[in-house]
Amino acid sequence: MGVKVVKFGGSSLADANQIKKAAAIIQADAQRRYVVPSAPGKRFQEDTKVTDMLYACYELAEKGLDFQRQLEAIQKRYQEIIDGLGMELSLDSEFAEIADHFRKRAGKDYAASRGEYLNGKVIASYLQFPFIDAAEVIFFAPDGSLDDDKTNAVLRGRLAGVDNAVIPGFYGCGADGYVKTFSRGGSDVTGSIVAGAVKASLYENWTDVSGFLVADPRIVENPAVIRTITYTELRELSYMGASVLHEAAIFPVRSAGIPINIRNTNAPDEPGTMIVPESTDEEISAYTITGIAGKKDFTSINIHKDMMNSQIGFCRDVLNVLANHNIPLEHMPSSIDSMTVIVDSSHLKGVEDEIRTEIQKAVQPDTIDTEENIALIAVVGRGMCRTRGVAARIFAALAHARINVRMIDQGSSELNVIVAVKDNDFEQAIRCIYEMFVNSVEG
Ligand code: ASP
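Description of the structure in this document. Every chain is numbered on its own, with residues counted from 1 as its sequence reads. Only residues with pLDDT of at least 70 are given local features in this predicted model, and only at 80 or more are side-chain atom pairs given and counted; all residues enter the totals for whole chains, interfaces and linings. Side-chain metrics in this entry use all non-hydrogen atoms of the structure; hydrogen atoms and water are not considered.

As for the site of the ligand
Near the ligand you find S38, K49, T51, E116, F170, R184, G185, G186 and S187, and these make up its full shell. For this analysis, a polar contact is any N or O atom pair within 3.5 Å, provided that within protein one partner can donate a hydrogen and the other can accept it, and provided that sequence-adjacent residues contribute only side-chain to side-chain pairs. Contacts to the ligand include K49, whose side-chain N or O atom sits 3.3 Å from an oxygen atom. When the free accessible area of the ligand is taken as 260 Å², the share hidden by the protein chains comes to 94%. Here the shell around the ligand is composed, by residue class, of one nonpolar, five polar and three charged. Throughout, near means a residue has at least one heavy atom within 4 Å of the molecule or strand. Surface accessibility in these figures is a Shrake-Rupley result with a 1.4 Å probe; residues are shielded only by whichever protein chains are displayed. Gly is placed with the polar residues, together with every amino acid not listed as nonpolar (Ala, Val, Leu, Ile, Met, Phe, Trp, Tyr, Cys and Pro) or charged (Asp, Glu, Lys and Arg).

The following block contains the structure:
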């Protein structure tokens, strides 16, 4: 019987009622043996996540100010959960220890990690599962990256001895022996590490949406849910701004070929989105495309020079200027006598003139001009390479909506087509591409 690792996000565990839903999900399937909880998240829109309360509280401690009231407010949130679950558990000694560590400046990461730690304690006790402190099984290397070998070995050993366990997300033990966290949203990463270590058959990531959507719901009304997406497609869409899962959560399961299922705690009957390795024979989406995502506020730097194509090292010299300023580049379309470099506008703030001067000096172009307010839209789909007319449909949709396309780039993987439009055409462009592929009847 395969093992499933289940991770629940903050909104899935925000109060006693949500924790009851999570517990019912866990108890409904004996394969759901290892549970990775986040800290309690927001119960309503204006609420504050426990993690943010902890950061704020520790900031006071660090300044030598009184933090008792803030810490009590955090304890109150847990107490409400404990009472709502009808449990007897007392966290008094845990909070006394936390206060003591705050006074001794145990660090911001330690402070933030207590959200998951305490929630793990509560949930383990409610489920009657053993609690395993993540600081004892997840290890970081001196450079701050995960120490895979040690983590896998220790985690595997510890979990081999137990049928079930609750392992809090978000943190582990730093190379210096102190608690260290992943970046925000990092419980997703913990879940993935645990799934990889026990060679799970499935990593279920329970959240408050029914999976990845084909397009951003703030732009497209009621977009369709993506049923299946490959890890690579997901990388493309996440890079372009679609977010449900922490970026680093893909790697530990991807290398082990374990699928991730994004599910909704508030709608457990919905199948959610399956994230699968590229090698599976999962059929391609009914829509040909898998998803559309994009970002605004790029700048294109257009460089023209007659006979540029015969000047060896031209592109390299231009890119060196950007590299020297630590500026990542997004795309680089080129023609015989000109090249364009597209960069995130925020990186050019305050250095644009300097960069132009340096490019001028490096390659003596005939002209350099920049254009701001460019948006990039990625239309992603593994079905593209097998289907004729995908690009034609994208451009027909845009032309029909009278949107001017500033640049086109088809990735070499034939997994995506990237189009650049003006920022103010962004939303309309996404809507009409969505309309063309999802709402129109496929021929
Ligand atoms: N509680 C942490 C955060 O708010 C980590 C997580 O929920 O994944 O970022």
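After that view of the structure, there is still more to cover.
Observations concerning the packing of helix α4 (residues 92-103) against helix α5 (residues 108-127)
Two elements in contact, α4 and α5, have axes separated by 12 Å at closest approach and are oriented at 170°. The orientation of α4 relative to α5 falls into the category roughly antiparallel. For the pair formed by α4 and α5, the contact residues are E94, F95, E97, I98, H101 and F102 on the first element and Y110, A111, R114, Y117, L118 and K121 on the second. The convention used is that axes are lines fitted to C-alpha atoms, helices contributing only their stretch in contact, and that angles between N-to-C directions extend from 0 to 180 degrees. Numbered from the N terminus, helices here are DSSP runs of H or I no shorter than four residues, and strands are runs of E no shorter than two. By the definition adopted for this analysis, an angle is roughly parallel if under 35 degrees, roughly antiparallel if over 145, roughly perpendicular if from 65 to 115, and oblique otherwise. Any two residues having at least one pair of non-hydrogen atoms within 4.5 Å are treated as being in contact.

Notes on the packing of aromatic side chains
Any two rings among Phe, Tyr and Trp, with Trp reduced to its six-membered ring, count as a pair given centres within 6.5 Å; such a pair is stacked if its planes are under 30 degrees apart, edge-to-face if over 60, and tilted if neither. One pass over the structure, following the stated rule, counts seven aromatic pairs. For the pair Y117 and F131, a centre-to-centre distance of 5.5 Å together with 90° between the ring planes defines the contact as edge-to-face. On the criterion of sequence distance, the pair formed by Y117 in helix α5 and F131 in the loop between α5 and α6 (148-160) is long-range, its members being 14 residues apart. Here the term buried applies to any residue with accessible area under 20% of the maximum for its type, exposed to any over 50%, and partly exposed to those in between, with areas from a 1.4 Å probe on protein chains only. Classification of Y117 by relative accessible area gives buried; the value is 10%. Looking at F131, the relative accessible area reads 23%, which means it is partly exposed. Taken together, Y58, F67, F102 and Y110 form an aromatic cluster joined through their ring pairs. The criterion is that NZ of a Lys, or CZ of an Arg, lies within 6 Å of the ring centre and within 35 degrees of the ring normal, and then a charge sits over that ring. Above the face of the F140 ring, K180 is positioned so that its terminal group lies 5.3 Å from the ring centre.

Digging into the sheet that holds strand β14 (residues 416-422)
Strand pairing is assigned whenever DSSP detects at least two bridges linking the two strands. Strand order in the open sheet formed by five strands is β11-β10-β12-β14-β13, and the pairing between neighbours is antiparallel. Here the strands that pair on one side only, and so sit at the sheet edges, are β11 (338-344) and β13 (407-410). Taken over all neighbouring pairs, the strand axes of this sheet differ in orientation by 30° on average, direction set aside. Summarising the sheet, strand β10 (residues 291-304) and strand β12 (residues 367-380) pair through 11 bridges and their orientation is antiparallel.

Examining the pattern of salt bridges
A carboxyl oxygen of Asp or Glu within 4 Å of a side-chain nitrogen of Lys or Arg is what we treat as a salt bridge. Applying the stated criterion across every chain yields a total of 21 salt bridges. The partner of R32 in a salt bridge is E204, and the shortest N-O contact between them spans 2.7 Å. One end of the pair, R32, is in strand β2 (residues 32-37); the other, E204, is in strand β6 (residues 202-207), and 172 residues separate them in sequence. Taken as a pair, R32 and E204 share a single burial class, namely buried. A single salt-bridge network, built from bridges that share partners, covers R43, D47, K76, R77 and E80.

Comments concerning helix α8 (residues 231-239)
Taken residue by residue, α8 has Y231, E233, L234 and L237 as its buried positions. On an axial view of α8, the arc spanned by its buried residues comes to 155°, and they lie on one face. Structurally, α8 contributes buried residues whose contacts are with β7 (228-230), α9 (250-254), β8 (260-264), β9 (273-276), β10 and β12. Just downstream of α8 lies G241, where phi reads positive at about 110°. The arc in question is formed by the directions pointing from the helix axis toward the C-beta atoms.

Some details on the side chain of R382
Topologically, R382 is positioned in the loop between β12 and α12 (390-400). Judged by its relative accessible area of 13%, R382 falls in the buried class. At a separation of 3.5 Å, a polar atom in the side chain of R382 contacts the side chain of T290.

Considering the sheet that holds β7
Reading across from one edge, β3-β2-β1-β6-β8-β9-β7 is the order of the seven strands in this open sheet, with mixed pairing throughout. Two strands lie at the open edges of the sheet, namely β3 (165-166) and β7, each paired on one side alone. Here β7 pairs with β9 via three bridges, running parallel. By the bridge assignment for β9, T230 is matched with V276. Sheet contacts for α8: β7, β8 and β9; angle to β7, the most-contacted strand, approximately 85°.

Digging into the packing of helix α3 (residues 68-84) against α4
One way to put it is that α3 packs onto α4 with a least axis distance of 11 Å and a crossing angle of 150°. Taken together, the axes of α3 and α4 are roughly antiparallel relative to one another. Here α3 runs over α4; the crossing is right-handed. Each of Q68, L71, I74, Q75 and Y78 in α3 lies in contact with α4, whose residues at this interface are D92, F95, I98, A99, F102 and R103. Of the residues that constitute the contact of α3 with α4, the class distribution is seven nonpolar, two polar and two charged. Left-handed describes a crossing whose near helix is turned anticlockwise from the far helix by less than a right angle; the clockwise case is right-handed.

A closer look at the side chain of H246
Within the fold, H246 resides in the loop between α8 and α9. A residue is classified by how much of its surface remains accessible, and H246, at 16% relative accessible area, is buried. Of note is the side chain of H246, whose polar atom sits 2.8 Å from the side chain of S183. Setting aside residues no more than four positions away along its own chain, H246 makes contact with S183, R184, G185, G186, D188 and V189.

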